[in-house]
Amino acid sequence: MSDKKVQKLVVSALMAALTYVATMVVRIPSPMNGYVNLGDCFVLLSGWLLGPWHGAAAGIGSMLTDLLSGYGYYAPGTFVIKGLDALVAALIFKAMGRTSAAAIVSGVVGEIIMVVGYFGYAGLLLGKGIGAAASIPGNLVQAAMGLVIGFVLLKVMQKTRIAEKI
């Protein structure tokens, strides 16, 4: 395995760990049965920095949070939803030329996947039906926070040229 592949694998694992920590440490209770967290900023950042396949590893960090904090029934959905969030954001970011506008557009699309994904998962697979709509406002707040903070982190990393080394 080449040094570049090993580096990408290590950074992917690091981003999964950062996603886990950001989700576990910063928890703002939501009246909609759950909590708002900063994990989404690292999900998006993973996609933007690592590309679609390695970036989707951030879904592992989010899934581990569910498994280790009493939301195990969300773990399979979280893995898929957050993985798709990062994957789609990465594909759009790359296709649009890795600009600031590309980051914002790709982040919005990725976070729409998150909001719709959790609504669908809770409504259809967990049997909550239309009651799952109660989680949409909290997920929108989380999406907005994740996008803004992730974008700021991306800009800092680009400015300091850290992003070029990944």
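Just so it is clear, the structure is predicted and the values come from calculations on it, not from any experiment.

So, how was this worked out
- Residues numbered from 1 in each chain as written.
- Predicted model: local features only at pLDDT ≥ 70, side-chain atom pairs only at ≥ 80, totals over all residues.
- Heavy atoms only, no water.
- Helix = DSSP H or I, 4+ residues; strand = E, 2+ residues; numbered from the N terminus.
- Expected span 1.5 Å × (residues − 1).
- Buried < 20%, exposed > 50% of the residue type's maximum accessible area, 1.4 Å probe, protein only.
- Contact = heavy atoms within 4.5 Å.
- Axes fitted to C-alpha atoms, helices over the stretch in contact; angles between N-to-C directions.
- Parallel < 35°, antiparallel > 145°, perpendicular 65-115°, else oblique.
- Left-handed = near helix turned anticlockwise from the far one by under 90°.

A. Here's a closer look at helix H5 (residues 75-95). Here H5 contains 21 residues, and its C-alpha end-to-end distance of 30 Å stays within 8% of the 30 Å for a straight helix at 1.5 Å per residue. Within H5, burial applies to Ala 75, Gly 77, Thr 78, Ile 81, Lys 82, Gly 83, Asp 85, Ala 86, Leu 87, Ala 89, Ala 90 and Phe 93. Turning to H5, the residues buried within the fold contact helix H2 (39-50), helix H3 (52-55), helix H4 (58-68), helix H6 (100-125) and helix H7 (136-159). Just downstream of H5, Gly 97 is the residue with a positive phi angle, here 95°.

B. Seen up close, the packing of H6 against H7. Taken N-terminus to C-terminus, the directions of H6 and H7 make an angle of 155°; their axes are 9 Å apart at the nearest point. In terms of orientation, H6 and H7 fall into the roughly antiparallel class. For the crossing formed where H6 meets H7, the hand is right-handed. On H7, the residues that touch Ser 100, Ala 103, Ile 104, Gly 107, Val 108, Glu 111, Met 114, Val 115, Tyr 118 and Phe 119 of H6 are Ile 136, Asn 139, Leu 140, Gln 142, Ala 143, Leu 147, Phe 151, Leu 154 and Lys 155.

The values reported here are purely geometric and, on their own, carry no functional implication.
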